[in-house]
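Close look at the chain arrangement
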Amino acid sequence: MTGGLLTRIGVDAATIGLWRSIAIYNGRPWRRWALERFLRTLVRPGDLAFDIGAHVGSRSRALAGAGARVVAFEPQPLLADYLARRLDPTTVRLDRRAVGRAPGRAELAVSARHPTVSTLSREWRGRVADDEGFRGVEWGERVWVEVTTLDLLIAQYGEPAFCKIDVEGHEAEVLAGLSRPLRCIAIEYTPATLDLTHRCLDRLADLGAYEFNLVVGEDTRFRLPRWLRDEDFRASLSAEAQRNRRSGDVYARLVEPRT
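What this report covers is the structure whose coordinates are included nearby. (Residues numbered from 1 in each chain as written. Predicted model: local features only at pLDDT ≥ 70, side-chain atom pairs only at ≥ 80, totals over all residues. Heavy atoms only, no water.)

On a plain count of helices and strands, the chain comes out with 9 helices and 10 strands. Taken across its 259 residues, the chain has 54% of its residues classed as buried. Nonlocal contacts in the chain, meaning residues at least 24 apart in sequence, comprise 67% of its contacts between residues at least 6 apart. (Helix = DSSP H or I, 4+ residues; strand = E, 2+ residues; numbered from the N terminus. Buried < 20%, exposed > 50% of the residue type's maximum accessible area, 1.4 Å probe, protein only. Contact = heavy atoms within 4.5 Å.)

With that settled, consider the pairing of strand S10 (residues 248–257). Each regular strand displays side chains that alternate between the two surfaces of the sheet. Pairing of strand S8 (residues 184–189) with S10, which is carried by 6 bridges, proceeds in the antiparallel orientation. The residue of S10 that forms the bridge with Glu188 is Asp249. Summarising the sheet, strand S9 (residues 208–216) and S10 pair through 9 bridges and their orientation is antiparallel. Across the sheet, Gly208 pairs through a bridge with Pro257, a residue of S10. (Pairing = 2+ DSSP bridges.)

So, about helix H6 (residues 150–157). Note that an α-helix has 3.6 residues per turn; residues three or four places apart therefore point the same way. For H6, the full list of buried residues reads Leu150, Leu153, Ile154 and Tyr157. Buried residues of H6, viewed axially, fall in a sector of 100°; they line one side. Directly beyond the C-terminal end of H6, a positive phi value near 110° is found at Gly158. (Arc of directions from axis to C-beta.)

In C-alpha cells, the structure reads:
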C-alpha cells in the first residue's frame with residue numbers, strides 16, 4: 001500500500017466501511033433467500049459459477065445456496081481476508097486475484113469507507129466522482145494486486161455456466177481476456193458510464209449471439225418482461241438508465257456461439 005501501511009485513521013475507516021458493507025449486503029437474510037430463488041433460474045445444481053468482484057460474498061453465498069460450485073474472486077485484501085474467514089470452503093473457493101485483459105499486476109484504488117467500490121479503472125473513478133450516487137466516495141489508498149484473465153481461469157477451474165462480473169467500471173477489461181462465449185454472464189452497469197457497458201455488449205457480440213435482460217439495484221427480478229436481442233436491449237437499457245439513475249446488472253444469455 002502507499003506508504004507501506006494504512007494510517008491508523010485509515011484502518012479505522014476501513015473497518016467501519018467493511019462492517020457497513022456487511023450490514024447492507026449480508027445483514028438481511030431474506031434478501032439472500034430471494035437472491036437464491038432468482039439465481040436458481042440461471043444455474044443448475046453442480047454448475048460452476050464465477051463471482052468476479054465478490055466483495056463481501058453475498059452473491060457467492062447465494063450461488064452456493066442455489067447449488068452451484070463457486071469460485072469467488074476478490075483482490076482487495078480487507079475483503080479477501082473477511083471472505084477467507086466467512087465463506088464455506090466446501091462450496092465456495094476463494095481466489096485473491098483480480099481479472100483483466102492480460103496477466104500481470106495492477107494498481108487497485110481502494111475506498112476505505114466504501115470498500116465495495118474499489119476499482120482498477122482510473123477512467124471510471126474519474127467519471128463517477130461527480131455523480132450523485134458516488135458523492136463523498138474517496139479512493140485514498142492504493143494496493144498492487146495480481147491480475148489474471150478469464151481464459152486462464154477457465155483453463156484452471158473449467159468453463160463456468162454462470163459468470164458475474166462486478167468490478168466498478170473494469171468489466172470490459174475482464175471480457176477482453178475472454179476468447180469464448182459463456183452460457184450466462186452478468187455485468188454491472190452504472191448510468192453515469194453507460195458507454196462502458198456498451199463496450200461490454202460489443203465484446204459479447206464478438207463472441208456470440210446473446211439475448212439480454214436487466215436487474216435494477218438489488219432487485220431479484222428482471223426488469224424487462226422478455227429477453228431482448230442486442231439493439232433492442234441497448235435502447236431499453238438507455239431508457240431505463242435515464243429514467244431510474246440507479247446502477248444494476250445486465251444479464252446476457254447465450255443464444256448461439258459465433259462461428
